[in-house]
Amino acid sequence: MNQNEMKQAAAEAALAFVPDDCIVGVGTGSTANYFIDALPRIQARIQGAVASSEASAERLKKLGIPVYDLNAVDRIPVYVDGADEINHYLQMIKGGGGALTREKIVAEVAEQFICVADESKLVSVLGKFPLPVEVIPMARSLVARKLVLLGGRPVLREGFVTDNGNLILDVHGLSIAEASKLEGEINQMVGVVTNGLFARRRADVLLLGTAAGVKEMR
């Protein structure tokens, strides 16, 4: 299987984790899109979805799947999303698509977080993929200076504004041994909305697409 086939296989395997008569949380990105595209197969047994981005919401609507506002939903049994990197502890870097804040909110609500990814995303140490940090525009330089003090090299994501109207600093050069600690340190910076480390709310299950098939990790 090539990389896209691995992504698709992992995403489609996540359908088995979606309970009947539920509202499912749906992520953002190329692998999450494979999951969205597979949802019509089980549409008759779900109520609809909560999306972590405007792009995912539009994709769901085009497939005829009802999209709910999170504030109108009591519970989300399962959230399915991809990762830019994931380690063996199922801690992740997410936000390559810029939807990290909404992804983090939906993941926090979900009772079970299913990460779907191809085998290239599994790493021993997080940080080769630049860590996205969503910042309030007026705090961009302030936050960037603080990120430099942590050993990172922040780069403004040019021409990009999040669904929340904010900016993204992509932090290069980090080797993240203590993901949960760093997640908290960055989130405490004034002007930071959140960062793309999903360590405190890690995945519960990883469905990893490999050349030999889909591997389940917990």
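Predicted, not measured: the structure shown is a model, and the values here were computed from it.

Conventions adopted
- Residues numbered from 1 in each chain as written.
- Predicted model: local features only at pLDDT ≥ 70, side-chain atom pairs only at ≥ 80, totals over all residues.
- Heavy atoms only, no water.
- Helix = DSSP H or I, 4+ residues; strand = E, 2+ residues; numbered from the N terminus.
- Rg over C-alpha atoms; globule rule 2.2 N^0.38 Å.
- Buried < 20%, exposed > 50% of the residue type's maximum accessible area, 1.4 Å probe, protein only.
- Contact = heavy atoms within 4.5 Å.
- Areas by Shrake-Rupley, 256 points an atom, 1.4 Å probe, with all protein chains shown as cover.
- Lys, Arg positive; Asp, Glu negative; His and termini not counted.
- Charge placed at Lys NZ, Arg CZ, Asp CG, Glu CD.
- Axes fitted to C-alpha atoms, helices over the stretch in contact; angles between N-to-C directions.
- Parallel < 35°, antiparallel > 145°, perpendicular 65-115°, else oblique.
- Left-handed = near helix turned anticlockwise from the far one by under 90°.

Here we take up the overall build of the chain. Within the chain, the regular secondary structure consists of six helices and 13 strands. Relative to its length of 218 residues, the chain is compact, with a C-alpha radius of gyration of 17 Å against a globular reference of 17 Å. Referenced to the eigenvectors of the C-alpha coordinate spread, the extents of the chain come out at roughly 50 × 40 × 30 Å. By residue count, 53% of the 218 residues in the chain fall in the buried class. Of the contacts formed within the chain by residues at least 6 apart in sequence, a portion of 73% connects residues at least 24 apart. Looking at the chain as shown, the accessible area adds up to about 9,900 Å², and 50% of this sits on carbon and sulfur atoms. Of note, the chain has its 23 positive side-chain charges centred 4 Å away from the centre of its 26 negative side-chain charges.

Right, let's talk about the packing of helix α1 (residues 3-13) against helix α2 (residues 30-38) for a bit. Two elements in contact, α1 and α2, have axes whose closest approach is 8 Å; the angle formed by their N-to-C orientations is 50 degrees. Here α1 is positioned oblique relative to α2, judged by the angle of their axes. When the axes of α1 and α2 are compared, the crossing they make is right-handed. Within the contact between the two elements, α1 uses N4, K7, Q8, A11 and E12 and α2 uses S30, T31, Y34, F35 and A38.

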